[in-house]
Amino acid sequence: MPIHNSDIAKIFKKIADMLDIEGANPFRIRAYRNAARIVEDMPKRVADMIRKGDDLTEIPGLGKDLADKIKEIVETGTLFQLKELENRVPGELNQLMRMEGLGPKKVKVLYQTLGVTNPDELKQMAREGKIKDVEGFGQKTQAKILEELEHLTTETKQRIKLISAEEIAEGLVEYLKKDKSVKKIDVAGSFRRRKETVGDLDILVTVKRGSAVMDHFVKYEDITKVISKGQTRSTIVLKSGLHVDLRVLPQVSYGAALHYFTGSKAHNIAVRKIGVKKGLKINEYGVFKGKDEKRIGGKTEEEVFDQVGLPFIEPELRENAGEIEAAQKGQLPELISPEDIRGDLHSHTKATDGRNTIKEMADAAKDHGYDYLAITDHSKRVRMAKGLDAKKLADQIKAIDQLNGKLTGIRLLKSIEVDILKDGSLDLPDEILKELDLTVCSVHYHQNLDREKQTKRILRAMDNPYFNILAHPTGRLINERAPYEVNIEKILKAAKERGCFVELNANPDRLDLTARYCKMAKNMGVKIAVSTDAHSVNDLDFMRFGIYQARRGWLEKDDVINTRQLKDLTALLKRK
DNA sequence: GCCGTTTTCGGCCCGACTGTTTTCAGTCG
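Residues numbered from 1 in each chain as written. Chains lettered and ligands numbered in written order. Predicted model: local features only at pLDDT ≥ 70, side-chain atom pairs only at ≥ 80, totals over all residues. Heavy atoms only, no water.

### Quick word on the sheet that holds strand 6 (residues 233-238)
This is how the line gets drawn: Only strands joined by at least two bridges in the DSSP assignment are considered to pair. Helix numbering and strand numbering both begin at the N terminus, where a helix is a DSSP run of H or I of at least 4 residues and a strand a DSSP run of E of at least 2. Axis lines are fitted through C-alpha atoms, for helices just across the contact stretch, and the angle between N-to-C directions can take any value from 0 to 180 degrees. Contact between two residues is taken to exist if any of their heavy atoms lie within 4.5 Å; hydrogens are not considered.
Spatially, 2-4-7-6-5 is the arrangement adopted by the 5 strands of the open sheet, whose pairing is mixed. Looking at which strands have only one partner, the edges of the open sheet turn out to be strand 2 (182-187) and strand 5 (223-229). The sheet shows a mean angle of 20 degrees between the axes of neighbouring strands, taken without regard to direction. Pairing geometry for strand 2 and strand 4 (residues 200-207), over 4 bridges, is antiparallel. Paired with D186 across the two strands is L204, which belongs to strand 4. Contacts between helix 10 (residues 162-177) and the sheet are confined to strand 2, strand 4, strand 6 and strand 7 (243-248), with strand 2 contributing the most and set at about 170 degrees to the helix. Sheet strands in contact with helix 13 (residues 254-262) are strand 2, strand 4 and strand 7, and its direction is about 180 degrees off that of strand 4.

### Side note on the pattern of salt bridges
Using the following cut-off: Salt bridge, as applied in this entry: a Lys or Arg side-chain nitrogen positioned within 4 Å of an Asp or Glu carboxyl oxygen. When accessible area is computed with a 1.4 Å probe and restricted to protein chains, residues below 20% of their type maximum are described as buried, those above 50% as exposed, and intermediate ones as partly exposed.
Scanning the model with the defined rule gives 40 salt bridges in all. Between K14 and E86 there is a salt bridge, with the nearest N and O atoms lying 3.1 Å from each other. Taken as a pair, K14 in helix 1 (residues 5-22) and E86 in helix 5 (residues 80-88) lie far apart in primary sequence, 72 residues in all. On the accessibility criterion, E86 (30% relative accessible area) is partly exposed. Salt-bridge contacts for D533 lead to R510; the nearest nitrogen and oxygen are separated by 4.0 Å. Of this pair, D533 sits in the loop between strand 18 (528-531) and helix 23 (543-552) while R510 sits in the loop between strand 17 (501-505) and helix 22 (515-524), placing them 23 residues apart in sequence. The network of salt bridges with common partners includes D17, D20, R33 and R98.

### Focus: a positive patch on the surface
As a reminder, the rule being used: Like-charged residues are merged into a patch within 9 Å and nonpolar side chains (Val, Leu, Ile, Met, Phe, Trp, Tyr) within 5 Å, provided each residue has over 30% relative accessible area and no salt bridge. All accessible areas in this document rest on Shrake-Rupley with a 1.4 Å probe, and a residue is counted as covered only by the protein chains that are shown. In this tally Asp and Glu are treated as negative and Lys and Arg as positive; neither His nor the chain ends contributes. To locate a charge, take NZ of a lysine, CZ of an arginine, CG of an aspartate or CD of a glutamate.
Where like charges cluster on the molecular surface, the positive patch consists of K180, K183, K184, K208 and K299. In this fold, K183 is placed in strand 2.

### Comments concerning the protein's contact with DNA strand B
Going by this rule: Being near a molecule or strand, for a residue, means having at least one of its heavy atoms within 4 Å of it. In protein, a polar contact means a hydrogen-donor-capable atom and an acceptor-capable atom, both N or O and within 3.5 Å, with residues adjacent in sequence counting only if both atoms are side-chain atoms; elsewhere, any N or O pair within 3.5 Å suffices. Each residue is assigned to one class: nonpolar for Ala, Val, Leu, Ile, Met, Phe, Trp, Tyr, Cys and Pro, charged for Asp, Glu, Lys and Arg, and polar for all the others, Gly among them.
Taken together, 40 residues are adjacent to DNA strand B, and R30, G61, K69, T141 and K229 come closest. Counting only atoms of DNA strand B within 4 Å of the protein, the fraction found in sugar and phosphate groups is 74%. In the environment of DNA strand B, a phosphate oxygen lies 3.1 Å from a nitrogen or oxygen atom belonging to the backbone of L66. Between DNA strand B and the protein, one listed contact pairs a base oxygen with a side-chain N or O atom of R272 at 3.2 Å. Those elements that place two or more of their residues in the surface near DNA strand B are helix 2 (26-40), helix 4 (64-76), helix 7 (104-114), helix 9 (139-154), strand 5 and helix 14 (265-277). No other element matches the 5 residues that helix 2 contributes to the surface near DNA strand B. Taken together, the residues of the surface near DNA strand B break down into 13 nonpolar, 13 polar and 14 charged.

### Some words on the packing of helix 1 against helix 7
The condition is simple: For classification purposes, an angle smaller than 35 degrees is called roughly parallel, one larger than 145 roughly antiparallel, one from 65 to 115 roughly perpendicular, and anything else oblique. Left-handed describes a crossing whose near helix is turned anticlockwise from the far helix through less than a right angle; right-handed describes the clockwise counterpart.
Interaxial distance between helix 1 and helix 7 falls to 8 Å at its minimum, and their mutual angle equals 65 degrees. As judged from the angle between their axes, helix 1 and helix 7 are roughly perpendicular. Taken as a pair, helix 1 and helix 7 cross one another with a handedness that is right-handed. Residue-level inspection shows D20, I21 and E22 of helix 1 in contact with helix 7, the latter providing P104, V107 and K108. Taken together, the residues of the contact of helix 1 with helix 7 break down into 3 nonpolar, no polar and 3 charged.

Right, dumping it as structure tokens:
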């Protein structure tokens, strides 16, 4: 069984939890949590790296000990240390730590006094009223535990998609602005970094003297629970289950706080470390210097970066994934922006499973200020979507030619989202494909092939001289369907050799490629098409999510083919 | 458990809020 990076991370997280409950050295625990994160975010499979004999200790945060443990996990699928731990501490105890307000210390006390080892037993004790009598616990804690356990069975706390977070955040910001004492307002956190999913919202504000914004905040209509309410910080839970923090900040600290709460944590730590070397203390209140901790910055984010000798780093890059080193060398990318996009290369119409006509799509694209739009309906294999056969596609080609004769200010590109069949051949004959301006090729069926077969299948498809863009390269649906097993690195290499491109599908349910693969593609010199896969005129708006993701993947204007003028794009699409 | 051009030993981020504690520990981010 292949060991995924996430498997390794899971084991390290569990060890960290168990050590936490045992009361081990907190820095040792942090080392495990840190390692879990490192492995999870690694652009390559650790198992492959070990097979190739790479030295894992060269990765910051992994020493000899952890490297050996990773090796053990890769070779045996498990870790002896974990089994040992489970002999001392029941393995289910860490589940209790998932609960709001229960940390390692309290879990340990519950275990030692009441013998509680899992959520069911905890629920039992809470119902019998035994929790409140334990030292350090009380009536309120018991009620909270009971309430949360009743919930736990129905809804598991899941990160929500960026598009949902955006909707919620906009509503909240609008509501908060109704309080006229609010001056500045920003939504920080992973939302501001435009991560594809968001775990909670961090809203920062500055207010006029005597503001009652906290009172206003906890009266928001969408709230199910107020977890805490203070002068400078309050936390609420929305009906959707999303947690929202509101922080009130002094003007002078706003930039420091914005930086601090935008994260990522790893980025902040790295910035702070540079600060420490320069004798600075950086926290959410500002940048401070010397023994007397004189404030020397923090009103704006720029000031914070400036004090550590860095240029401004865009939020999307703040993952401690090389952005700090790049900033130090003056080599930060000039990230792509929405205005750079000249057209959309993946869209559907009524001819298959879209909801609008070709003409309607063309008009909408023109309204977006685009120069071109590729009409890419499904091919016949995708029966569910009434996919086009060669004859129907020929009819559509004619229709588009005619329409192009009448349209002004927008050019329709004749194309198709052609299915890559199980054996890697394309779903339509070359005779019809060669009549098109470009092809967008994708896998819809047989997603469960093993890694090698799936990769070969796609490589074979790329051998077809009419193959241009690989659409939604991993097939994942965020929170719904895992990516299929496929070696993206090999595919990128093949795309480079053959003059093909890969899509970054901007649909917020897909966002496929991930940021890390975008970065990999860029480094390998493979250009990317950021496309919406629109099934209606409204879906063309998804482009912004594609741009967010592209920015997270360090892409610049030049890395993306649909930033090109039509004639340059046409030249790019001609395979040698 | 990791890390080091100030250190191979002794650091490793810390402040706000809650609950139960009468002066603070635990949790969270």
